[in-house]
Structure formats: structure tokens, C-alpha cells
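Survey of secondary and tertiary structure
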Amino acid sequence: MKYITTDKAPAAIGPYSQATICGSLVFTSGQIPVNPATGKIEATDIAGQTEQVCKNIAALLEAAGTGMEKVVKTVCFLADIKDFGAFNAVYETYFVSKPARSCVAVKDIPKGCLVEIETVTEL
């Protein structure tokens, strides 16, 4: 297994890796909308937070040697399922390959975020 780290995505806030490679797959840890340049959550709405999450995922995949077009599975967590439509509007601009997906509403997301996404991607 290989560990992926980049300063172009938020550092892990716990005892885990930003991403790992196992065989021919890249597994990203759940990404929240932290701007890696400032270390802060800047967007306050679901669209802005989803945009930042997608940028963080793209940076991790680039560091691993792959890209968003090779994502095969996502797991998405929303703080409020009412945000589903606005979330999808941003999501579909990044995940153009239409990977398999689970999307659920959860009680809480770290740091009070509105969205978190994890991915499985081909190298």
C-alpha cells in the first residue's frame, strides 16, 4: 500500500491518510470543504462547499497520478437531504463519468460542514 499526501488538499485531522493506493485503486478519505491554502471552511452554502470538496478530491487524485474521470465510486454525506438538488448541480460538473454512488443524509459532519465525499478511483 502507498500513502498519498499533498498540500493542495487539507491535511488529515486525525490518525488517517489523505489517500491510499492499493493495487490499481486509489481510496480517498472523506473530504470536507476546507480550503487547503487557508485551513478554513470559507463557503457557507452547499454549492460552495461541494465545489471545494471536489477541488480537494481532484488535488488528491492528481497527486496519486489519476483524475476525476477515472472515479468509479463515491460515497457522499449531506448534513441536510434538502440540499440534494443543489449538491447534484455541482457534483455533476466534476464527476462527469457518472460513477456509482451512495448519497445519504447524516446527523453531523466534522467541523459543522454541509457535505463530505470519499472516492474510489482507478489509476
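If you're wondering where the values come from, they're calculated on a predicted model, not measured in any experiment.

Procedures and definitions
Residues numbered from 1 in each chain as written. Predicted model: local features only at pLDDT ≥ 70, side-chain atom pairs only at ≥ 80, totals over all residues. Heavy atoms only, no water. Helix = DSSP H or I, 4+ residues; strand = E, 2+ residues; numbered from the N terminus. Contact = heavy atoms within 4.5 Å. Areas by Shrake-Rupley, 256 points an atom, 1.4 Å probe, with all protein chains shown as cover. Lys, Arg positive; Asp, Glu negative; His and termini not counted. Charge placed at Lys NZ, Arg CZ, Asp CG, Glu CD. Phe/Tyr/Trp six-rings, centres within 6.5 Å; stacked < 30°, edge-to-face > 60°. Lys NZ or Arg CZ within 6 Å of the ring centre and 35° of its normal. Pairing = 2+ DSSP bridges. Axes fitted to C-alpha atoms, helices over the stretch in contact; angles between N-to-C directions. Buried < 20%, exposed > 50% of the residue type's maximum accessible area, 1.4 Å probe, protein only. Polar contact = N/O pair within 3.5 Å; in protein donor to acceptor, adjacent residues only side chain to side chain.

What follows concerns the overall build of the chain. Looking only at helices and strands, the chain has two helices and eight strands in total. Walking the chain from its N terminus toward its C terminus, one meets helices and strands in the order β-β-β-β-β-α-β-α-β-β. Principal-axis analysis of the C-alpha atoms gives the chain an extent of 35 × 30 × 20 Å. Across the chain, every contact between residues at least 6 apart in sequence was considered, and the portion connecting residues at least 24 apart equals 69%. A total accessible area of about 6,400 Å² is found for the chain, and carbon and sulfur atoms account for 54% of it. Side-chain charges of the chain comprise 11 positive and 13 negative groups, with the mean position of each set lying 2 Å from the other.

Summed over the entire model, instances satisfying the criterion amount to two aromatic pairs. Pairing Phe87 with Tyr91 gives two aromatic rings, centres 5.4 Å apart and planes at 40°, and the pair type is tilted. Of this pair, Phe87 and Tyr91 both sit in helix 2 (residues 84-94), four residues apart, which is roughly one turn of the helix. The lysine or arginine in question, Arg101, covers the ring of Tyr91, its NZ or CZ lying 4.6 Å from the ring centre.

Turning our eyes to something else, we now look at the sheet that holds strand 7 (residues 100-105). Read across the sheet, six strands follow the order 1-2-3-8-6-7 without closing on themselves; strand pairing throughout is mixed. Among the strands making up the open sheet, the edge pair consists of strand 1 (2-4) and strand 7. Taking the axes of each pair of neighbouring strands and ignoring which way they run, one obtains an average angle of 15° across the sheet. Of the strands in this sheet, strand 1, strand 2 (19-22), strand 3 (25-28), strand 6 (71-78) and strand 8 (115-122) touch helix 1 (residues 46-64), which is tilted by about 30° from strand 8. Here helix 2 sits on the sheet in contact with strand 6, strand 7 and strand 8, set at roughly 150° to strand 7.

The residue Thr119 is located in strand 8 in this model. You can call Thr119 buried: its relative accessible area is 3%. Polar contacts involving the side chain of Thr119 include one to the side chain of Thr28, which spans 2.7 Å. What Thr119 contacts, discounting residues up to four positions off in sequence, is Val26, Phe27, Thr28, Ile57, Leu61, Val71, Lys73, Thr74 and Phe95.

With phi around 55°, Lys98 is a residue other than glycine that occupies positive phi space. Along the chain, Lys98 turns up in the loop between helix 2 and strand 7. A relative accessible area of 73% means that Lys98 is categorised as exposed. A positive phi angle, near 65°, is found at Lys111, a position not held by glycine. Position of Lys111 among the secondary structure elements: in the loop between strand 7 and strand 8.

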